[in-house]
Amino acid sequence: MDKEGEMMIFLLLMAAISSPVSGEEWKANIVQNLDALVGSCVVVPCSFTRPKEHKNSMCNGIWHLPNEPKQHIYSEIEDDILENFRGRTNLLGKLNQNNCTLEITEIKEHDTGPFCFRIEVTPKTGGFNFTDDCVELKTLPDPPEPILTDSKTATEDHPLSVTCSVTYTCTSHPPTLTWSKGKKDDIAEVHKDIKPGTWEVLSILTFTPTAQDDHSKLTCTATFYGEERRSSKTMMLYVKRKENYNHIIIPTVVGLGTALFFGFFCIFMVKKYKRRIAELQSRDGSMWNRLSRLSRRIRSGGPGPSPSDHRRPARDIGDLKSLNLVSRRLKASQNSAVTKRTLMTVTTT
């Protein structure tokens, strides 16, 4: 193997050995796009890596406008900060932990960026601008509206859970969610990291609806940091009555009872009138029978009413008197007829 080949192998071995040491470099990881609510705040997540030789070096962090390293929006030296941002920016991260997270408060409509990060090593032996990783802000004039979701249909006297959620980018001062009903013990709150720089807060209300809650309104209100920017969402509660059949059973029983009562009443009245009619027909029949017998006896010259007729109950006395009257009239009529025949015979002779 010639010397050139040996030198090539040596260089490759040195590169392989030294690559883990020199592999780390100045590099930043910054969220590039975020929403920012006007009047509230925004937190820009930021982290960075440094070379091994600067692992324990003291550093200063600066946030500035792009291509304008001297136009600081944040610096440890307050006088170096642009007047428009003075008192509104704060470095939340700790540089010795490679955290360069920035907070901007009292967001203005023109706070759109881009904003870039620069690291400076102290004593001043150099620095590094992360101009390739800057953040741009989309300012929102109005707060985002909460989202309401219910787990199931509301049923009377059964627990119901309703969730209210809203997104935010001011992680240092998350919004608060309040409900138009329910107690503090009925509410649970959870914060979720949706994506770098954007979080979601969920408020879960669990309560037991009653019949009075049917067609009532349930409102969730989100209050954001800053100028107390608020947004709300309202839903209508429709409470299903608990499953019972009283509204069916009671009217049915009442209807059946009424029908049975009138049925028995009608049957009773029909039987009563039938008996009455039978009695009247029986009385009328016996009276005509007696009249017939009496008539035959008169025509045959027989005696009046039989002794058995005199033994009728007292209630037939009136009928007997009527019969006697009819009998006398029949006898008078018969005598009159005999007299007329006699007169006619004498006249003829």
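Everything numeric in this text was worked out from a predicted model, so none of it was measured. (Residues numbered from 1 in each chain as written. Predicted model: local features only at pLDDT ≥ 70, side-chain atom pairs only at ≥ 80, totals over all residues. Heavy atoms only, no water.)

### Digging into the overall build of the protein chain
Item 1. Within the protein chain, the regular secondary structure consists of 4 helices and 17 strands.
Item 2. A total of 349 residues make up the protein chain; the buried ones form 30% of that total.
Item 3. Across the protein chain, the fraction of contacts at a sequence separation of at least 24, relative to all contacts at a separation of at least 6, is 61%.
Item 4. When the accessible surface of the protein chain is totalled, it reaches about 23,100 Å², and 56% of it is carbon and sulfur. (Helix = DSSP H or I, 4+ residues; strand = E, 2+ residues; numbered from the N terminus. Buried < 20%, exposed > 50% of the residue type's maximum accessible area, 1.4 Å probe, protein only. Contact = heavy atoms within 4.5 Å. Areas by Shrake-Rupley, 256 points an atom, 1.4 Å probe, with all protein chains shown as cover.)

### Observations concerning unusual backbone geometry
Item 1. Looking along the chain, the bond that leaves Gly113 and enters Pro114 is cis, with omega of 0°.
Item 2. Mapped onto the elements of the fold, Pro114 is located in the loop between strand E8 (102–104) and strand E9 (115–122).
Item 3. In this model, Glu106 sits at a positive phi of 50°, which is unusual for a non-glycine residue.
Item 4. The residue Glu106 is located in the loop between E8 and E9 in this model.
Item 5. Judged by its relative accessible area of 46%, Glu106 is partly exposed.
Item 6. Even without a glycine there, the phi angle at His215 is positive, about 60°.
Item 7. Tracing the backbone shows His215 in the loop between strand E15 (198–207) and strand E16 (216–223).

### A few points about the packing of aromatic side chains
Item 1. This model, assessed by the stated rule, comprises 3 aromatic pairs.
Item 2. Ring plane angle 50° and centroid distance 5.5 Å describe the contact between Trp63 and Phe117, whose orientation is recorded as tilted. Of this pair, Trp63 sits in strand E5 (residues 58–65) while Phe117 sits in strand E9; the two residues are 54 residues apart in sequence, bridging distant segments of the chain.
Item 3. An aromatic cluster is defined as three or more aromatic residues linked by ring pairs; in this entry it consists of Phe48, Trp63 and Phe117. (Phe/Tyr/Trp six-rings, centres within 6.5 Å; stacked < 30°, edge-to-face > 60°.)

### Focus: the environment of Cys170
Item 1. With respect to the helices, strands and loops of the structure, Cys170 is situated in the loop between strand E12 (160–168) and strand E13 (176–179).
Item 2. Given a relative accessible area of 5%, Cys170 falls into the buried group.
Item 3. In contact with Cys170, not counting residues within four places along its chain, are Ser40, Cys41, Val42, Val43 and Tyr225.

### Some words on the nonpolar core
Item 1. In terms of nonpolar packing, the biggest core is built from 29 residues, with Ile30, Phe48, Trp63, Phe115, Phe117, Ile119 and Leu137 touching the most fellow members.
Item 2. Among the elements that line this core, the one with the most residues is E9, at 4 residues.
Item 3. Leave out the neighbours within four places in its chain, and Phe115 touches Trp63, His64, Leu65, Ile73, Phe85, Ile104, Cys134, Val135 and Leu137. (Core = buried A, V, L, I, M, F, W, Y, C linked by side-chain atoms within 4.5 Å.)

### Points about the side chain of Ser75
Item 1. Its place among the elements puts Ser75 in the loop between strand E6 (68–74) and strand E7 (89–91).
Item 2. From its side chain, Ser75 meets the backbone nitrogen of Ile77 in a polar contact 3.2 Å long.
Item 3. Those residues in contact with Ser75, other than ones at most four positions away along the chain, are Gly61, Ile62, Asp80 and Ile81. (Polar contact = N/O pair within 3.5 Å; in protein donor to acceptor, adjacent residues only side chain to side chain.)

### As for the state of the cysteines
Item 1. Evaluated as defined, the whole model comprises 4 disulfides.
Item 2. Note on cysteine connectivity: Cys41 is disulfide-linked to Cys170, with sulfurs 1.5 Å apart. Remark: Cys170 occurs in the loop between E12 and E13 and Cys41 occurs in the loop between strand E2 (33–37) and strand E3 (42–44); sequence separation between them is 129 residues. The pair formed by Cys41 and Cys170 is uniform in burial state, with each residue classed as buried.
Item 3. Each sulfur of the disulfide joining Cys164 and Cys220 lies 2.0 Å from the other. Residues Cys164 and Cys220 are joined by a disulfide whose S-S torsion is about -80°; by sign, that bridge is left-handed. On the criterion of sequence distance, the pair formed by Cys164 in strand E12 and Cys220 in strand E16 is long-range, its members being 56 residues apart.
Item 4. Residue classification places Cys164 among the buried residues on the basis of a relative accessible area of 0%. (Disulfide = S-S within 2.5 Å.)

### Notes on the sheet that holds E3
Item 1. The 3 strands are arranged E3-E8-E7 in an open sheet whose pairing can be described as antiparallel. Each of the sheet's edge strands pairs with one partner strand only, and the pair in question is E3 and E7. If you compare each strand with its neighbour and ignore which way they point, the axes differ by 20° on average.
Item 2. With 3 bridges joining them, E3 and E8 adopt antiparallel strand pairing. (Pairing = 2+ DSSP bridges. Axes fitted to C-alpha atoms, helices over the stretch in contact; angles between N-to-C directions.)

### What about the sheet that holds E12?
Item 1. In spatial order, the strands read E11-E12-E15-E14; together these 4 strands make up an open sheet with antiparallel pairing. The open sheet has two free edges, formed respectively by strand E11 (147–150) and strand E14 (187–195), since each of these has just one partner strand. Each strand of the sheet is rotated relative to its neighbour by a mean of 20°, with strand direction disregarded.
Item 2. Judged from the 4 bridges that link them, E11 and E12 form a sheet pairing that is antiparallel. Each bridged residue has a counterpart across the sheet, and for Ile147 the counterpart in E12 is Ser165.

### Brief notes about a positive patch on the surface
Item 1. Taken together, the side chains of Lys271, Lys272, Lys274 and Arg275 present a region of like positive charge at the surface.
Item 2. Here Arg275 shows up in helix H2 (residues 246–299).
Item 3. Classification of Arg275 by relative accessible area gives partly exposed; the value is 49%. (Patch = residues over 30% accessible without salt bridge, like charges linked within 9 Å, V, L, I, M, F, W, Y side chains within 5 Å. Salt bridge = Lys/Arg side-chain N within 4 Å of Asp/Glu carboxyl O. Lys, Arg positive; Asp, Glu negative; His and termini not counted. Charge placed at Lys NZ, Arg CZ, Asp CG, Glu CD.)

### Examining the confidence of the model for the protein chain
As a note on interpretation, predicted positions should not be read in detail where pLDDT is low.
Item 1. For the protein chain, the average pLDDT comes to 77, and 69% of its residues sit at 70 or higher.
Item 2. Predicted confidence is poor over residues 3–23, with pLDDT under 50, and the contacts of this stretch with residues over four places away or in other chains come to 3 contacts. (pLDDT = per-residue confidence, 0-100.)

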